[in-house]
Amino acid sequence: MPTIGVAIAVPPPWGDELQGYRRSCGDEAAGAIPTHVTLVPPTVVTDDAMDDVDRHLAQVGASFDAFPLRLRGTATFQPVSPVVFVCVTEGISTCELLAESARAGPLRQDLFFPYHPHVTIAHDVGDESLEKAYEAMRDYDATFDVDAFSLYLHGSDGVWRPQRRYLLGG
């Protein structure tokens, strides 16, 4: 059964820049995970459900307008999880509403942790690298418009690949 995720891709040049920084921290997952803000975490679905998922996500996309998203500064999920991330400081409420809508219907699920939009820049890399990432990116600042989100498929090689893009506003 496929494992999917739904996310807002961070566009170039910011996505490439943040992914490069994640690689420089020694995060082995950096090459397999495009830079993103998660809406629906990794979710196993049946092949039979994929058409329903597609229709559902198209409806979700059509019901939201494009919005500005600002990434600024760093934070961490430590000690709960060894993650340092760049904060979403503008567009938070729209991300929350979009994620809640996407996690309905065929993608309804309970989350292990409360939803918190962010962009991971270091994960499972050791305390020293986590601290370095936290300090090095603390002044990071980027703003871009979000006009779509994507459905990703987790490949047998461990790489997440976009499968379909859903435009906001239809």
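Residues numbered from 1 in each chain as written. Predicted model: local features only at pLDDT ≥ 70, side-chain atom pairs only at ≥ 80, totals over all residues. Heavy atoms only, no water.

Draft legend 1. Spatial organisation of the overall build of the protein chain. Counting its secondary structure elements, the protein chain contains four helices and eight strands. From first element to last, N terminus to C terminus, the protein chain shows the α and β order β-α-β-α-β-β-α-β-α-β-β-β. Its C-alpha atoms give the protein chain principal-axis dimensions of about 45 × 35 × 25 Å. In the protein chain, buried positions account for 45% of the 170 residues. Here the contacts in the protein chain between residues at least 6 apart in sequence split such that 74% fall between residues at least 24 apart. By element, 50% of the accessible surface of the protein chain is carried by carbon and sulfur atoms, the whole surface being about 9,000 Å². Between the centroid of the 12 positive side chains of the protein chain and the centroid of its 24 negative side chains there is a distance of 2 Å. (Helix = DSSP H or I, 4+ residues; strand = E, 2+ residues; numbered from the N terminus. Buried < 20%, exposed > 50% of the residue type's maximum accessible area, 1.4 Å probe, protein only. Contact = heavy atoms within 4.5 Å. Areas by Shrake-Rupley, 256 points an atom, 1.4 Å probe, with all protein chains shown as cover. Lys, Arg positive; Asp, Glu negative; His and termini not counted. Charge placed at Lys NZ, Arg CZ, Asp CG, Glu CD.)

Draft legend 2. Local environment of the packing of helix 2 (residues 50-62) against helix 3 (residues 92-102). The N-to-C vectors of helix 2 and helix 3 enclose an angle of 155 degrees; their axes lie 9 Å apart at closest approach. Relative to helix 3, the element helix 2 lies roughly antiparallel. By crossing handedness, the relation of helix 2 to helix 3 is classed as right-handed. Along its contact with helix 2, which presents His56, Leu57 and Val60, the element helix 3 presents Leu98, Ser101 and Ala102. (Axes fitted to C-alpha atoms, helices over the stretch in contact; angles between N-to-C directions. Parallel < 35°, antiparallel > 145°, perpendicular 65-115°, else oblique. Left-handed = near helix turned anticlockwise from the far one by under 90°.)

Draft legend 3. Quick look at the side chain of His118. With respect to the helices, strands and loops of the structure, His118 is situated in strand 5 (residues 118-123). Given a relative accessible area of 18%, His118 falls into the buried group. Here Thr120 takes part through its side chain, which lies 3.4 Å from a polar atom of the side chain of His118. In this structure, His118 is in contact with His36, Val37, Phe77, Phe85, Val86 and Val88, ignoring residues within four places of it in sequence. (Polar contact = N/O pair within 3.5 Å; in protein donor to acceptor, adjacent residues only side chain to side chain.)

Draft legend 4. Layout of the sheet that holds strand 8 (residues 160-167). Strand order in the open sheet formed by four strands is 2-1-7-8, and the pairing between neighbours is antiparallel. Since the sheet does not close on itself, it has two edges, and those belong to strand 2 (36-44) and strand 8, each with one partner. Mean inter-strand twist for the sheet, computed between neighbouring axes without regard to direction, equals 25 degrees. In terms of strand pairing, strand 1 (residues 3-9) meets strand 2 through six bridges, oriented antiparallel. Residue pairing in the sheet places Thr3 in a bridge with Val44 of strand 2. Sitting on the sheet, helix 2 is in contact with strand 1, strand 7 (148-154) and strand 8, with an inclination near 50 degrees to strand 8. Here helix 3 sits on the sheet in contact with strand 1, strand 2 and strand 7, set at roughly 15 degrees to strand 2. (Pairing = 2+ DSSP bridges.)

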